[in-house]
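Residues per chain, in single letters:
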Amino acid sequence: MHYFDWTATTPISESALEVYANISRAFPGNPSSTHTLGLEAKNRLEEERKRIASLLNVSPSTIFFTSGGTESDSIVLSSLLHTLTPGTVLSSAIEHSAVLEYKNILQEKSWKFITLRCPGGYLDPQTVSEALTPEVRMLCIMSVNNVTGTIQNLKEIVSVVRSYSKQTARPVHIHCDAVQSIGKIPFDISSLDIDSCAISAHKFFGPRGAGILYNRNKSLLPLSKGGGQEKGLRGGTENLPGICAMGKALEEALSSINENYKKVSNYRNMIEKTVLESGFTVLSPFSGSTKEYSPYILNISVKPLPSEVFLRIMNDKGFCLSAGSACSTNSRGKAESVLEAMQIKSQDRMSSIRISICAKNTEEEVVSLCEAIKQTAKEFK
Amino acid sequence: MNNIENMQLYLIRLGEISLKGLNRRFFEKQMKANIKLKIHPYHSLIEREKGRIYLYVDSSCPEETVYNTLKTTFGIVGFSKAVVCEKNFDSVVDAAKSIIEKDPFSDGKGTFKVEARRADKSFEKNSYQIEAFLGGVVLDRFPEMKVDVHNPQKILYVEIRDSAYLYTTPVSGPSGLPVGTAGKGLLLLSGGIDSPVAGYRMASRGLRLDCLYFHAYPYTSEQALQKVKDLAMILARWNVGMTLFVVNFTQAELWIKDHSKEEEHTLMMRACMMKVANKVAQKRGCQVLVTGEALGQVASQTLEAMCFTNSMSEKPVLRPLVGMDKQEIIDTSRKIGTYETSILPFDDCCVIFSPKHPLVKPDTETETESFKEMNIEELLDKCVENIEEYQFSYRV
């Protein structure tokens, strides 16, 4: 099978797997234990925290290890539930369900959860500016959209919020879902002036079940208190082998980020050209568009074929693709909600296919994917 | 009576079968065969005596297997697990003590009575004495229970005949008539809620069913096919086994799409399904077709549409749900255990074959002409030739 669903998950890299195995063997202790094995594990954990912080160019005190992106998002959003006076949360309408599912939860607790429209997949800083009120406590905005690859103008959006806060003296927590950015596109957390951000290891060849919450807001409260690990923000025994393997994968991803970006951009152009030649539609921004996008994700419409039919045809031809977001296929109709928020026509939404590319794909694979797309268009359109 | 040592006894009550006249034996024979088949490989004996059916099952057979068998065998109105003991009062009391530890007495709540019948008048106690004493036994064990001789929720029966027989309020069976007594039908099974219920209802009238499913991969998924297989498997319990035929319908669907007007797609598809179903029914010796259509439920189930699809079938089409409300159908679906599978989100028809504005009041003559113009008969013959067959066990 040829894998073109890297946005859903990536397999753990050989070197990360080696680290995982080595750490599992070498550090059997619980970092919270006070005996030698426990202390050794604790030291190794803190060493890794420093290493990861330095890779991400942030302070080690802002790195909290979690189980992945969803948990990192959940810690930040669930923290609001403990607040005595409910306020307002602003969120782009194209966030991952890890964020959007909090709409109902927060509304039940009298919070206002406003989803901001994103025509074409972009949140206009002006829209944010208009939505800001003194009641706003948090803004959730993803960096790279997992369905179409659009990249938000975070700098400008953050600046709009910060200047509003300055004028009104009302602090607004800015949370960013950076799951599809880290290790793929340049993403400097420090220079963005955000308060928190979610990172997941299995999106950049790290292990499943490991992630990071970057956080500089000291008033956040934990989702699971447990034994008070991670400075009380994330209880539960730390996944030391997973964390160290994540560090290794992150190091590898960042070291080849530019080279990979170039290769993937080239692949994306090849596929985009084929898609258009085959008479299908491109839903992601076109190559060379002035708007920012990630080359790792290309969303197309295979109208008139419904997404799932196209997926089956391509699966039989040996290609793993995805309809919308893999996390949503269990709940019917949800996969298209992001596309709907992007104001994409209903027929295209029903026929939307996400092709996600990686530098590990070979050019031959991309060529055969293009051939298969062309062939399918000829046979079934 | 045959050797019944080491066998557990169940008393079976018959409903409609008991109203039968000279052909009553025929129905009973089929029911016995169905029960024995479902309990196999465990040894079982079925006796008929004085209007009762006695089922003896090898005691190594799990009680659950017997219960599941009897609860899914049409013709049975109710059944009770009975305890047989020696004809002396102490043994009867011990047997009563053990039987009330089980359902329906085991929860120790509600009202009850003891009903004794003494065919052997030489027994040491009379019926009233037996009832009074055993009533005391129940109350000693379950002080919260109350005696109600007029409308009891639970009854402990005691019969003194060749031996002493004790049993409690019967567990309900599915009633109806034994599968296999009314001939054979072909059920058009989709993955939806209705068709399994239609199959259940016809099986409950004694019709033995085969199932037919139209698969249009890649336009319908493998999961949709799996869902239909799962439904056939559930129905197999009621139908005493099931054969599912899967027709590869992709080429036919594409042909219909290319050779008929958009608003006629669904009607032409139904017509083709009827044609294929008739051919399969003929091969399998099925006398009728069964569908899950309910009048007016969707565009293809209006009276006019049904008249048209009827005209495409030589075999009679039975539609047991035709006058049922959707909620009634859902309730039955839940009862027979198909609902959870039916609602899995794997469609049995792709949207690209479903017209936006289907014809709701088709004219049979016009549509018959349209069908002929499609010239699809040869393709449908091929569909039947390449049919796949799956067998599902009657094991419960």
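This text goes with the structure placed above it.
1. Regarding the sheet that holds strand β11 (residues 208–215) of chain B
All names here are of chain B.
Moving on, step 1. Pairing in this open sheet of six strands is mixed, and the strands run β14-β13-β10-β11-β12-β15 from one edge to the other. Unpaired on one side and paired on the other, β14 (317–318) and β15 (388–392) mark the two borders of the sheet.
Moving on, step 2. Here strand β12 (residues 242–248) runs beside β15; their pairing, made up of five bridges, is antiparallel. Each bridged residue has a counterpart across the sheet, and for Val246 the counterpart in β15 is Glu388.

2. Some remarks on the interface of chain A and chain B
Moving on, step 1. Each partner contributes residues to the interface: chain A has nine residues there, and chain B has ten residues.
Moving on, step 2. At the boundary of chain A with chain B, total buried surface from both sides reaches about 870 Å², with 58% on carbon and sulfur atoms.
Moving on, step 3. At the junction of chain A and chain B, the tally comes to zero salt bridges.
Moving on, step 4. Inspection of the region where chain A meets chain B yields three residue pairs in polar contact (both at pLDDT 80 or more).
Moving on, step 5. Sort the elements by how many residues they give to the side of chain A that touches chain B and helix α11 (residues 307–316) of chain A lands first, with four residues.

3. A look at the packing of aromatic side chains
Moving on, step 1. The full count for this structure, using the stated rule, is 16 aromatic pairs over all chains.
Moving on, step 2. Seen from their ring centres, Phe105 of chain B and Phe112 of chain B are 6.1 Å apart, and the 75 degrees between their planes marks the pair as edge-to-face. Exposure class is identical for Phe105 of chain B and Phe112 of chain B. Each is buried.
Moving on, step 3. Relative to Tyr167 of chain B, the ring of Tyr157 of chain B lies with its centre 4.9 Å away and its plane at 20 degrees, an arrangement referred to as stacked. Here Tyr157 of chain B is found in strand β7 (residues 154–160), whereas its partner Tyr167 of chain B is found in strand β8 (residues 164–168), with ten residues between them in sequence.
Moving on, step 4. Judged by relative accessible area, which is 2%, Tyr167 of chain B ranks as buried.
Moving on, step 5. Here the aromatic residues Tyr3, Trp6 and Phe205 of chain A are joined through ring pairs into a cluster of three or more.
Moving on, step 6. Between the NZ or CZ atom of Lys360 of chain A and the centre of the ring of Phe205 of chain A, over which it lies, the distance is 4.6 Å.
Moving on, step 7. For Arg334 of chain B, the ring lying beneath its charged end belongs to Tyr339 of chain B, and the centroid distance is 4.2 Å.

Procedures and definitions
The residue count restarts for each chain, going from 1 along the sequence in the order it is written. Numbering of ligands from 1 and lettering of chains from A proceed in the order in which they are written. Restriction of local features to residues with pLDDT of at least 70 applies here, the model being predicted, together with a cutoff of 80 or more for giving and counting side-chain atom pairs; totals for whole chains, interfaces and linings are based on all residues. Heavy atoms throughout the structure, all of them, feed into the side-chain values; hydrogens and water do not. Strand pairing follows a simple DSSP-based rule, namely that at least 2 bridges must link the two strands. Here a helix means four or more residues in a row that DSSP labels H or I, a strand means two or more in a row labelled E, and each is numbered from the N terminus. Working rule for contacts: check all heavy atoms of both residues, and any pair within 4.5 Å makes them a contact. By convention, the term buried area covers the 1.4 Å-probe accessible surface removed from two parts as they join, with the contributions of both added. Here, a salt bridge means any Lys or Arg side-chain nitrogen found within 4 Å of an Asp or Glu carboxyl oxygen. By the criterion applied in these results, polar contacts are pairs of N or O atoms within 3.5 Å in which, for protein atoms, one can donate a hydrogen and the other can accept it, and in which residues neighboring in sequence qualify only through two side-chain atoms. Aromatic pairs are defined between Phe, Tyr and Trp rings, using the six-membered ring for Trp, whenever the two ring centres lie within 6.5 Å; interplanar angles under 30 degrees are classed as stacked, those over 60 as edge-to-face, and all others as tilted. Residue burial is assigned from relative accessible area. The probe radius is 1.4 Å, only protein chains are included, and a residue is buried under 20% of its type maximum, exposed over 50%, and partly exposed in between. In this analysis the charged atom, NZ for Lys or CZ for Arg, is taken to sit over a ring once it is within 6 Å of the ring centre and within 35 degrees of the ring normal.

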